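# Structure at a glance
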Amino acid sequence: MSFVACAAAVCAGTAAWLTVGHERGLRRARLLLTDLGRADGEVPGAPPWERWLPRARGWARGLRGEWLCLPVAVVLAVLGESVLPLIGGALAVPLVGRRLRARERRRAQERRADGVVALCGAAAGELRAGQQPLQALLAAAGPTGGLGGAEAAVLAAARFGGDVPDALRQAAREPGADGLAGLAACWRVAVDGGAGLAAGLDRLEAALRAERDQREGLRAQLAGAWSTVVVLALLPVVGLVMGWALGADPLRVLLHTPAGLGCLAAGALLEGAGLWWAARIVRAGETS
């Protein structure tokens, strides 16, 4: 009798488990079909690691490059058994971040300048195709992106009879959009004096392209100087590696002895001053 009761209990438990599992599967499929277009990619009822994996990937993509200084500092702190690398890594994060943000701003300015050149060329092409100046500007602004954040204001002035040259001069104040001031001047001359706008845009585009080619040529010539700066910055690391190869323990000497700490402080100051001075010389050559 007890065997029958146990068998019945097992069968009842199995049936209940299958029923609950079936209902859970139906509920999950229903939710999956209804939430198929969710942006976060999460599936309700999924295991925790499946829910957290998309968030971890998004966090890793949003991680900025300056935070990579911290893992390097942790490795050096573990190898040298000292907290000084952690302090140095924490101090390096804002400095490296400022450098990376400056580089991103410079790249954005270059993209904006290229967009202005493309805008002048596209507008000139539209004018030659028989479009009026306003229609040519409207047709060329969208694909080229030369107006940047001021596109809405400029296009509103063009559509509703506003002062287009003034809107272009306002847009030229943004970094990298200096060429829009020339476009505003060409527009003013064409409207007031009746001169051909297409010819003026051609000359403006040629001037902007020549300026961009000159800037790129100067950057190519200074690439060797930047390489020299990078090599000089890596020389202390090469010295540490050579010390390890010779069987010494340079981190212990630098981080745990008074003479090593003095050499580390003096070397860090000289390294920073040298990099700052070399970078200043190269940047002066870029802006000259």
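Preceding block: the structure.
The structure reproduced in this document is the subject of the present report. (Residues numbered from 1 in each chain as written. Predicted model: local features only at pLDDT ≥ 70, side-chain atom pairs only at ≥ 80, totals over all residues. Heavy atoms only, no water.)

A few words now on a positive patch on the surface. Residues R99, R103, R106 and R283 make up a contiguous surface patch of positive charge. By residue number, the principal contributor to the positive patch is helix α4 (residues 84–128), which donates three residues. Relative to the helices and strands, R106 is located in helix α4. (Patch = residues over 30% accessible without salt bridge, like charges linked within 9 Å, V, L, I, M, F, W, Y side chains within 5 Å. Areas by Shrake-Rupley, 256 points an atom, 1.4 Å probe, with all protein chains shown as cover. Salt bridge = Lys/Arg side-chain N within 4 Å of Asp/Glu carboxyl O. Lys, Arg positive; Asp, Glu negative; His and termini not counted. Charge placed at Lys NZ, Arg CZ, Asp CG, Glu CD. Helix = DSSP H or I, 4+ residues; strand = E, 2+ residues; numbered from the N terminus.)

End to end, helix α9 (residues 197–245) covers 69 Å across 49 residues, agreeing with the expected 72 Å (1.5 Å per residue, within 8%). At L222, α9 shows its maximal kink, close to 35°. Among the residues making up α9, those that are buried are L197, A198, G200, L201, L204, E205, L208, R212, L222, V229 and G243. Where α9 terminates, the next one or two residues include G247, which has phi positive at roughly 90°. (Expected span 1.5 Å × (residues − 1). Bend = angle between axes of the 7 residues up to and from the residue. Buried < 20%, exposed > 50% of the residue type's maximum accessible area, 1.4 Å probe, protein only.)

To continue, consider the nonpolar core. One finds L119, L147 and L180 to be the most contacted residues of the largest nonpolar core, which totals 34 residues. Those elements that provide at least two residues to this core are α4, α5 (133–144), α6 (151–159), α7 (164–171), α8 (179–193) and α9. The element best represented in this core is α4, accounting for seven residues. Among all residues touching L180, those that are not within four sequence positions of it are R112, V116, L119, G146, L147, L168, A171 and A172. (Core = buried A, V, L, I, M, F, W, Y, C linked by side-chain atoms within 4.5 Å. Contact = heavy atoms within 4.5 Å.)

On inspection of all chains with the given rule, the structure shows one aromatic pair. With a centroid separation of 5.9 Å and an interplanar angle of 50°, the aromatic rings of W276 and W277 are classed as tilted. Take W276: its relative accessible area is 52%, and that puts it in the exposed class. The class of W277 is partly exposed, set by a relative accessible area of 48%. (Phe/Tyr/Trp six-rings, centres within 6.5 Å; stacked < 30°, edge-to-face > 60°.)

Attention now moves to unusual backbone geometry. A negative phi holds for most residues other than glycine; trans holds for most peptide bonds. Unusually for a residue other than glycine, E81 sits at a positive phi of about 55°. Considering the arrangement of structural elements, one finds E81 in the loop between α3 (69–80) and α4.

A packed helix pair is summarised by two numbers, namely the angle formed by the two axes and the spacing between the axes. Running from N to C, α4 and α5 point in directions that differ by 140°, and their axes come no closer than 8 Å. Judged by the inter-axis angle, α4 sits oblique to α5. In this structure, α4 crosses over α5, and the sense of that crossing is right-handed. Along the contact surface, α4 presents G115, A118, L119, A122, A123, E126 and L127, while α5 presents P133, A136, L137, A139, A140, A141 and T144. Taken together, the residues that form the contact of α4 with α5 break down as 11 nonpolar, two polar and one charged. (Axes fitted to C-alpha atoms, helices over the stretch in contact; angles between N-to-C directions. Parallel < 35°, antiparallel > 145°, perpendicular 65-115°, else oblique. Left-handed = near helix turned anticlockwise from the far one by under 90°. Nonpolar A, V, L, I, M, F, W, Y, C, P; charged D, E, K, R; others polar.)

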